[in-house]
Every structure is written in C-alpha cells, then in structure tokens.
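Structure at a glance
If you want the building blocks of each chain, they are given just below.
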Amino acid sequence: MEQKMNIKDYDIQDLEHYFTEKKLPKFRASQVFEWIYKDAAHFCEMTNLPKQVIEELDKDFYIARHKIVELQHSKNDNTRKYLFELSDSSTVECVLMEYTYGKTACISTQVGCKMACTFCASAIGGFIRNLSCGEMLEEVMAISRDVKDRISNIVLMGMGEPFDNYEEIIKFLKLVNSSKGLNVGMRHITLSTSGIVPKIYDFADEQLQCTLAISLHASDDATRNALMPVNKKYNIGKLMEACKYYINKTNRRITYEYALIKDINDSADAADKLARLLRGQLCHVNLIPMNTVEGKGFEKSTKQAVAKFRDVLEKQGIEVTVRRELGSEIDAACGQLRRRVQ
Ligand code: SAH
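Quantities reported herein were computed from a predicted structural model and do not represent experimental measurements.

1. Examining the site of the ligand
Around the ligand sit 17 residues in total, of which G160, S192, S215, H217 and N291 are the nearest. Here a nitrogen atom of the ligand and a side-chain polar atom of E161 are 3.1 Å apart. About the coverage of the ligand: the protein hides 94% of its 530 Å² of free accessible area. Among the residues making up the shell around the ligand, the classes are represented as seven nonpolar, eight polar and two charged.

2. What to know about the sheet that holds strand β11 (residues 211-215)
Across the sheet, 10 strands lie side by side as β3-β4-β5-β6-β9-β10-β11-β12-β13-β14; this open sheet has mixed pairing. Unpaired on one side and paired on the other, β3 (67-73) and β14 (320-322) mark the two borders of the sheet. Averaged over all neighbouring strand pairs, the angle between strand axes comes to 20 degrees, with direction disregarded. The pairing of strand β10 (residues 189-193) with β11 spans four bridges and is parallel. Pairing of T193 across the sheet is with I214, part of β11.

3. Some details on the pairing of β10
Within β10, five of the five residues are buried, which leaves the element mostly enclosed by the surrounding structure. Side chains I189, L191 and T193 of β10 all project onto a buried face; the interleaved residues T190 and S192 project onto the opposite face, where all are buried too. With three bridges connecting them, strand β9 (residues 153-156) and β10 associate as parallel partners. Across the sheet, I154 pairs through a bridge with I189, a residue of β10. Handedness of the crossover joining β9 and β10 through helix α5 (residues 166-177): right-handed. Tracing the backbone out of β10, into helix α6 (residues 197-206) and back to the parallel element β11 gives a crossover that is right-handed.

4. Considering the pairing of strand β6 (residues 102-106)
Of all five residues that make up β6, five are buried, and the element is covered over most of its length. Inspection of the sheet shows strand β5 (residues 91-99) paired to β6 by five bridges, in the antiparallel sense. Considered in β6, the bridge of Y99 is made with G102. Counting the residues that bridge the hairpin from β5 to β6 gives two residues. One ladder, built from three bridges, connects β6 with β9; its direction is parallel. By the bridge assignment for β9, C106 is matched with V155.

What counts and how
- Residues numbered from 1 in each chain as written.
- Predicted model: local features only at pLDDT ≥ 70, side-chain atom pairs only at ≥ 80, totals over all residues.
- Heavy atoms only, no water.
- Near = heavy atom within 4 Å.
- Polar contact = N/O pair within 3.5 Å; in protein donor to acceptor, adjacent residues only side chain to side chain.
- Areas by Shrake-Rupley, 256 points an atom, 1.4 Å probe, with all protein chains shown as cover.
- Nonpolar A, V, L, I, M, F, W, Y, C, P; charged D, E, K, R; others polar.
- Pairing = 2+ DSSP bridges.
- Helix = DSSP H or I, 4+ residues; strand = E, 2+ residues; numbered from the N terminus.
- Axes fitted to C-alpha atoms, helices over the stretch in contact; angles between N-to-C directions.
- Buried < 20%, exposed > 50% of the residue type's maximum accessible area, 1.4 Å probe, protein only.
- Right-handed = clockwise from strand over helix to strand, strands pointing away.

Shown next, in the form of structure tokens:
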C-alpha cells in the first residue's frame, strides 16, 4: 500500500492536481483547503464534501497534528515553550511570545541542525531530518489551537537552518501567507539564517516581502570561524556581498543578529569593526544577550559591555536594539528544552 500523505503539505494547486487525477471536480480543492485551515481534525468533519470524496481523501491522506509532549509556561511574561512530537515521533521545539502587537510563534524548520554553531543547543544531537512545509504549518496551527487565538507573527528561529531546507521553506511561506490559509502577512514573518550565501541570492530573487535576519555574531572572520563553522565556507566578505545584493534587489532592510558573549565578541573594538562593516547598509542590529547553554563554557556579556557595544554602534549611525529577554527561566533558548527532555 502506498504511504498516506500529510494533507497540510498540499497547496491549492497540489489539491487541484489530485482531484483532477482522481477525475473528481476540481472545485473540491478549495473546499478541502478551507477546511484544513479551519483546523478540521478528520475528513468526516468536511461536511460539504460527498461521502465518496471523504473516503478517497481518507485513503490517501492523514491530517497531521503535533502532540504536545511538554509545555513550559513563564508566568512573568506569558512566554510558552512547546515540545511537539511529530508523526514519526521526532520532537521539535516552538516558542510563543506575547507582544503588545500580537502573538509571535517561533518555529523549528528541521529536527536537529547541521550548522554546529558552538553556542547553540540545537545541533547537539546532530541532524535528523528536514521538516515538511505542512509540518511547519502545523507548528503554527498547534500553538494557535492551544492558546485559542490567532498567530499574527512568525519567526523561523527555532531549531534548524531554514536555508538548508529551502524548497519547503518557500512553500511554507506561501502557504501561511495565503489569504485562504492562515493569512499571516509576509511583513509579519522573519526568516533567520546562519548565512548560507547562495540561498541568500536565491531568496532575494524570490522577491518575498518577509524580513531576512542574518545571524552574524562576530565582526571578524577568526571569531566567526570559531563560533560558526559555516563561516569557513562563506566568510564575512562573501556574506556581506550577498546581503548587499539582497538589499539592492528587494529594497528591504536586513536584521543582523548579534549574541553578545562575554570576552569573545563583546569588546568596543568588535563593535567598531561591526559598525564599519555595516556602515551605509539598509540594516538594523539586534543585540541578543547570550542565553547560557549548559556545558558550552560561554557566558553572557555584562550589562556594561552590552551598553558600551550599543553605544559604539549608535555613535556611528547604526540602528540598534537590545532584544528583550523572554522566557529566560524556561529553557527558551534554541534546542534547550528538547535537549533536557531527551
Ligand atoms: N539557523 C538559523 C535560525 C535558528 S537560531 C540561524 O542561525 O539564524 C535563531 C537565533 O538564535 C540565531 O541567531 C542563533 O544564532 C541564536 N542562538 C542560538 N543559540 C543561542 C544562545 N545560546 N544564545 C543566544 N542566541 C542563540
């Protein structure tokens, strides 16, 4: 018997194709699509479909629903951290953050990660597999179901490297953005990459309106090589060229993420190098106080070092914010919850 497919991996065109092959009316596609986004759990709930169509769908598809295996809720700031079990029993993490403008879901794009950044917990168990677009969609839907509210913003900043799962990411972005789907505005979505250069060019050419964030974390190659192995393949120079191409092509601002690690990348000199690197670019720097991961030997920078770093950037005209720390008491840093549970 053929394996059943997760129907959440199908967009309207895929469903139309399916119904055409089955010699069933094509308009069933948009009916089914709407039911998926109304969060139907079973095909028999799709009450405007004839019995024969429901039986066909039941034979060929399942409707993926992630199981919550662990949920940590921070009472201080209402951050929720989920560990979800997927249909093959792999687990991924997601975080829900509440801001005044709405609810933001931080979702994972892979089970594990290949990038092996030295300060991050996601790659500790190695790489297992890519998530499909429907599995990523269901991360958003599962959170929305749990909090009984709409998710207005999405950040692809959970486990995994989005640009190492490029095709599914592009399909996911189009699905969540679809007006008949979750209808999350592209401008309310942020994709974060460790800097896989060729994919930055491809992504620029897609001309999507979503925000691109680059995990920079260092302003010289020696430091970045030590923190992020990807830099040995695509160094800061190549990365900056790709970023400039992206900005020119899309006219969109890039967010640079910079996790401040005590005595590693947080000196005034490092800030000065960063300012020189980014000067004149349409960009924004997000300083993140490093989240300590047990056994990694990195510490977060002192408040004074963060303030000084910020000051150096601001004085050179670089737009900068210090990210508010959410969920610091609930293992909310990338890969930490999964690691603890496993
Ligand atoms: N692979 C992508 C997206 C996932 S990580 C990327 O690298 O951008 C999301 C962000 O969290 C990245 O900027 C990552 O470098 C950062 N991060 C990982 N571990 C961290 C830690 N312990 N403290 C602070 N930021 C961390």
